[in-house]
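Listed below, chain by chain, are the residues.
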Amino acid sequence: MHAPELILLLPLLLGIAAAIVVACLRPAQAAPVGAATAAVCFALYLGLAGGAPVSAAFWAVPSLGVSGGLRLDGLAALFALLITGIGTLVLLYAGSYLKGDPRLTRLVVLLLVFMVAMLGSVTANDVITLFIFWELTSLTSFFLVAYDHEKLEARKAALQALLITGGGGLALLAGLILVAIAAGTTSLTGIIAAREAVLAHPAAVPAMLLVILGAFTKSAQFPFHFWLPNAMAAPTPVSAYLHSATMVKLGIYLLARFSPVYGDEALWQGLLTWTGLLTALVAAVLAFRETDLKRVLAYTTVTALGTLTMLLGLAPELSAMAAVTFLTVHALYKAALFLTAGILDHETGTRDASALGGLRGVMPWTAAAAVLAALSMAGLPPFLGFVGKEIVYEAAVAADGGAGLIVLGAFLVNTAGVAIAGLLSWRIFFGARPATPKAPHDPPIAMLAGPVVLATFGLLAGLAPSLLGGWLLDGAAASILGHPPTTYLALWHGFTPILALSVVTVLLGALLTLFWPRLMRGLQASRALDRFGPGHGYDRALAGIVACAEATTAMVQHGSLRGYIRLLLLVAALGPLVVLIAYDGAAWPADPVLDPRALAFGMIAAGAVATAIARGTLAAVMALGLVGFGAAIVFLTFGAPDVALTQFTVEVLLVVILATVLLRLPVHGRDTRTTRQRSGDAVVAVVMGSSVALLLLAVLAAPFDPRLGDWFGQNSVPGGHGQNVVNVILVDFRALDTLGEIAVLAIAAFAVIALLRGVARPLRRGN
């Protein structure tokens, strides 16, 4: 394996190894080790970024057609650097934010496992590998959101996120399998190369829709957007890492990765463009209802995700560069603002925006980081956010269809972004300072490092966007387009209509900031958004599922042993009957033969009928013995004397033991069933008997295939060293199966002994 290939594999191995090591450390040591691991991974990817794509073997299952493998191209490199770079700062931040929390070690372990899952997802060059890592992100996210599992809110939010993203994951799996079948390979590069075959396949549209559904649930697109703000029950480091910079963008990554396959399809473009725009608009409105800083940031994250989805749906080449640029911009300023929100909560005792203000004097470093990040969010020069906003507007203007509506939607979304940026900076750090639960001050350097570094990088990258574009973003856009982009990033394009639109956006956004309290109260007073929103629909659906489960349980788990047996027999009988009827499988043997063995079967039938009509329990037991003895005679006539002897022995013991028990227990001597119950049991018996009879007749009507019996006969002596084929099958060919059956019987015997001893002790005390 060459050095680049080894470097591509190392971050996954390092992350897993670090998680194991951290699990053995004290909380104070966990965060530094986790941050150092993420930093090493960042350095490894940094050495590969900007170069030619690198591939490495990972794992493969040739018998299932799974090719496996990892690949780092421009798009994967962009995501890998964001995952590891922001992960380093978040892990460093978590050590100080949760200092003294005994659960910190567990959090760091989960964050490292999550980092590995994200890196595996974006570097996987196989759809099955991608899906495995994809689901691992959902699973680790569940535990991270439920970090404060003592709180009902955290448990509900974790379950909601798991159900929605997990359900989308199942849809994604179906879509990926269909795509792989159409392309004839599970390799992502192979699927892209087989684009024409994928689009020509009959399942092309269902596969596309399933992939989109999986991406929409992960990236909180309407109507699945509500789970992301609710996930803010997680600690701030989790929110900053998962719900701003990494996991929620995994759906965006998937859409970008499949753009070379579906990007020219009208259905793909329409769904992504208009769903993304609708998501961004809805989230922008909902953000103004909130006062909790984390929920405000969560809704603006949904807004950004909607914008990214819209950009990936736009056909012009410009939109690919706009998407990767805006993705980078958002990851930088949003992670910084989330970390700042955590600092405010940690140092002031509240994150209620309406209860904060004038903190610039007592928290100067925090204010500086927050203002820099907010200015990038507002899209002001010379920040990278300005470059991102300009190119988003350019992509919207260049849209093939509905450009006017798209530009209007983008304008409204960006205006809301400016207003919220003003809320997160001017309203909190300037003006009068109200009293707070704790005396505010700047946090330790470990907590400040994240927002300061991210906000500063947003400024420096804005001053030289062409360097960032030529080194990293051009390659990411080329992965989406399939060829190098022709658009280049620049801070200044002169006095253009786009610049004028940006100026109007900033002015109107600043005006909205001034009227934020009035707007917030008006939106909070409107209950229609809560009553008719998708979140309410989710709650209703979940309550309906629980009610249905309770009703089903009450109907099935009624406590009647006779009812349980009746239901099991009906299910066992109706299953074969339905199949036989549906596929016209019922048949009569062409040459039915009657021989003396029919007498044995007649004995079995007589015993069954006698058992059913017996009035007394003891008489029913005796009649049931006829069934067992008849079965033993059948075994004997078919040349299995050992099995027949076993059956005789078991049947004798069974009849004797049951008769002895019934004679000693205070049970009713006669059948106490009502006429209706007996009739119902008769119906069940007839249905069961008819089903088995029809099934056996259909089997006898089919040509006999002796291959299996011949094989056992030929291999009994050389393979099992025994001439009794039945015994050899049980002991040698089915050894593990037989061992399992013996183990079950032994466990049951021990359970019976323990039960009898428990009953015997009270009897002795009573005597």
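Above this text sits the structure in question.
Given the structure is predicted, the values throughout are model-derived calculations rather than measurements. (Residues numbered from 1 in each chain as written. Predicted model: local features only at pLDDT ≥ 70, side-chain atom pairs only at ≥ 80, totals over all residues. Heavy atoms only, no water.)

We now examine the packing of aromatic side chains. According to the stated counting rule, one finds 13 aromatic pairs in the structure shown. With a centroid separation of 6.4 Å and an interplanar angle of 20°, the aromatic rings of F258 and Y262 are classed as stacked. Here F258 and its partner Y262 are both found in helix α12 (residues 250-262), four residues apart, which amounts to about one turn of the helix. Relative accessible area serves as the criterion here: at 2%, F258 is assigned to the buried category. In this structure Y262 comes out as buried when scored by relative accessible area, which is 0%. Among the aromatic side chains, those forming a connected cluster through ring pairs are F258, Y262 and W268. (Phe/Tyr/Trp six-rings, centres within 6.5 Å; stacked < 30°, edge-to-face > 60°. Helix = DSSP H or I, 4+ residues; strand = E, 2+ residues; numbered from the N terminus. Buried < 20%, exposed > 50% of the residue type's maximum accessible area, 1.4 Å probe, protein only.)

Attention now moves to the layout of surface pockets. The volume enclosed by the second largest pocket comes to roughly 1100 Å³. E153, F226, P229, N230 and R295 are the residues nearest the centre of the second largest pocket, which is lined by 44 residues in total. Elements represented by at least two residues in the lining of the second largest pocket include exactly α6 (152-183), α10 (227-230), α13 (266-287), α14 (293-313), α23 (528-531) and α24 (534-556). (1 Å grid on protein atoms, 1.4 Å probe; cavity = no way out; pocket = protein on both sides within 12 Å on 5 of 7 lines; lining within 4 Å. Points joined across faces, edges and corners; volume = space filled by probe spheres on them.)

Right, let's talk about the environment of V90 for a bit. The residue V90 is located in helix α3 (residues 74-97) in this model. Along the sequence, V90 and L700 sit 610 residues apart, while their C-alpha atoms lie 69 Å from each other. The residues contacting V90, other than those within four sequence positions of it, are P237, A240 and Y241. (Contact = heavy atoms within 4.5 Å.)

Turning next to the pattern of salt bridges. For the coordinates displayed, the defined rule picks out 16 salt bridges. Its salt-bridge partner being D73, residue R257 comes within 2.7 Å of it at the nearest N-O pair. Note that R257 is positioned in helix α12 and D73 in the loop between β2 (70-72) and α3, a separation of 184 residues in sequence. Taking the relative accessible area as the measure of exposure, R257 reaches 7% and is therefore buried. Linking R351 and D292 is a salt bridge whose minimum nitrogen-to-oxygen distance equals 2.8 Å. In this pair, R351 is assigned in the loop between α15 (318-348) and α16 (364-378) and D292 in the loop between α13 and α14, connecting sequence segments 59 residues apart. When its relative accessible area of 22% is taken as the criterion, R351 is described as partly exposed. Where salt bridges share partners, they join D101, R103, D148 and E150 into one cluster. (Salt bridge = Lys/Arg side-chain N within 4 Å of Asp/Glu carboxyl O.)

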